[in-house]
Amino acid sequence: MDLVRTKGYAATRVEDICAAAGVSKGSFFHHFASKEDAAEAAAAQWATHVETLFGAAPFRAHPDPLQRLLGYVDFRMSILSTPVIGCGCFAATLVQEVHQTHPRLTAAAAVAIDAHGEDLAALAAEALASRGITTEWSAQSLADHVQAVVQGGLILAKAAGDPEPARRALAHLRRYLEQIFESSVPRSPL
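Going along each chain's sequence as written, the residues are numbered from 1 onward. Since the coordinates come from a predicted model, pLDDT governs what is reported: local features require at least 70, and pairs of side-chain atoms require 80 or more to be given and counted, while whole-chain, interface and lining totals use all residues. The basis for the side-chain values is all heavy atoms of the structure; hydrogens and waters are excluded.

### Here's the deal with the overall build of the protein
Let me state the cut-off plainly: Helix and strand labels come from DSSP, where a helix needs a run of H or I of at least four residues and a strand needs a run of E of at least two; each type is numbered from the N terminus. Every residue pair with non-hydrogen atoms within 4.5 Å of one another is taken to be in contact. Here the accessible surface of atoms and residues is derived via Shrake-Rupley with a 1.4 Å probe, and residues count as covered only by protein chains that are part of the display.
What the protein contains, in helices and strands, is 10 helices and 0 strands. Sequence-ordered secondary structure for the protein, helices as α and strands as β, is α-α-α-α-α-α-α-α-α-α. The principal-axis extents of the C-alpha atoms in the protein amount to approximately 60 × 30 × 30 Å. The long-range share in the protein, meaning contacts at least 24 apart out of those at least 6 apart in sequence, stands at 63%. Carbon and sulfur atoms provide 59% of the accessible area of the protein, an area that totals close to 9,700 Å².

### So, helix 10 (residues 164–180)
To keep things clear, this is the line we draw: Given the number of residues in a helix, its expected span is that number minus one, multiplied by 1.5 Å.
In this model, helix 10 (17 residues) spans 25 Å end to end at C-alpha, consistent with the 24 Å of a helix rising 1.5 Å per residue. Buried positions along helix 10 lie against helix 5 (65–79) and helix 9 (139–160).

### As for helix 2 (residues 14–21)
The following threshold applies: Throughout this description, buried means an accessible area under 20% of the type-specific maximum (1.4 Å probe, protein chains only), exposed means over 50%, and partly exposed covers the range between.
Among all positions of helix 2, only Val 14, Asp 16 and Cys 18 are buried. Buried-residue contacts for helix 2 involve helix 1 (2–7), helix 3 (25–31) and helix 4 (35–55). Within two residues after helix 2, Gly 22 carries a phi angle of roughly 70 degrees, on the positive side.

### Things to note about the environment of Phe 59
Summarising the element assignment, Phe 59 is placed in the loop between helix 4 and helix 5. Placed 47 residues apart in sequence, Phe 59 and Thr 106 show a C-alpha to C-alpha distance of 30 Å. Not counting residues up to four positions away in its chain, the partners in contact with Phe 59 are Phe 54, Arg 68, Gly 71, Tyr 72, Phe 75 and Leu 123.

### With respect to the pattern of salt bridges
Filter applied, for reference: We define a salt bridge as a contact between a side-chain nitrogen of Lys or Arg and a carboxyl oxygen of Asp or Glu at a distance within 4 Å.
Per the counting criterion, the structure on display carries 12 salt bridges. In this structure, Asp 64 engages Arg 131 in a salt bridge whose closest nitrogen and oxygen atoms are separated by 2.8 Å. Of this pair, Asp 64 sits in the loop between helix 4 and helix 5 while Arg 131 sits in the loop between helix 8 (103–130) and helix 9, and the two are 67 residues apart along the sequence. Classification of Arg 131 as partly exposed rests on a relative accessible area of 27%. The shortest N-O distance in the salt bridge between Asp 74 and Arg 174 comes to 2.7 Å. Here Asp 74, found in helix 5, pairs with Arg 174, found in helix 10; they are 100 residues apart in sequence, far enough to count as distant. By relative accessible area, which is 32% here, Asp 74 ends up partly exposed. Salt bridges here are not isolated pairs; linked through shared partners, they connect Lys 7, Arg 13 and Asp 16.

Shown next, in the form of structure tokens:
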């Protein structure tokens, strides 16, 4: 996963994967028929990693659904203290590169992205319901927007070699969410 996040799928060779894992090419091909098979397995592993990471995140313990949603953004912000490459999403990196050339990998990456989006939509729906807010847009569309801001921020951070553009994007996202719920949350100093 780190190789693809660093070099991209096309530039990552089987030899690179073997060197990073400390295995021979024979061992690699004993477990995977191709680099594409390995990347598909990595996408499934990424989905599990994301589910575990966000499932155990501190914001989950907050009793207020709105504070859980805002806490999600704060948790995303805290992740940006790691090097930029450590902040990047494997599934998003993979799908950006292969969406036109490797449909199987695109589908595998979409599983991870969609599962996280469904979890985020549930957070948004709970926050909206807790405040009695009804809208012409859906909790899923809000989750899509949150994911777009997060991933876009990560792209800007990678381009700059600095997490600051992602931090700024997340700060704006938090303020936007606060505006949606403006009568029920104090303004953030971010």
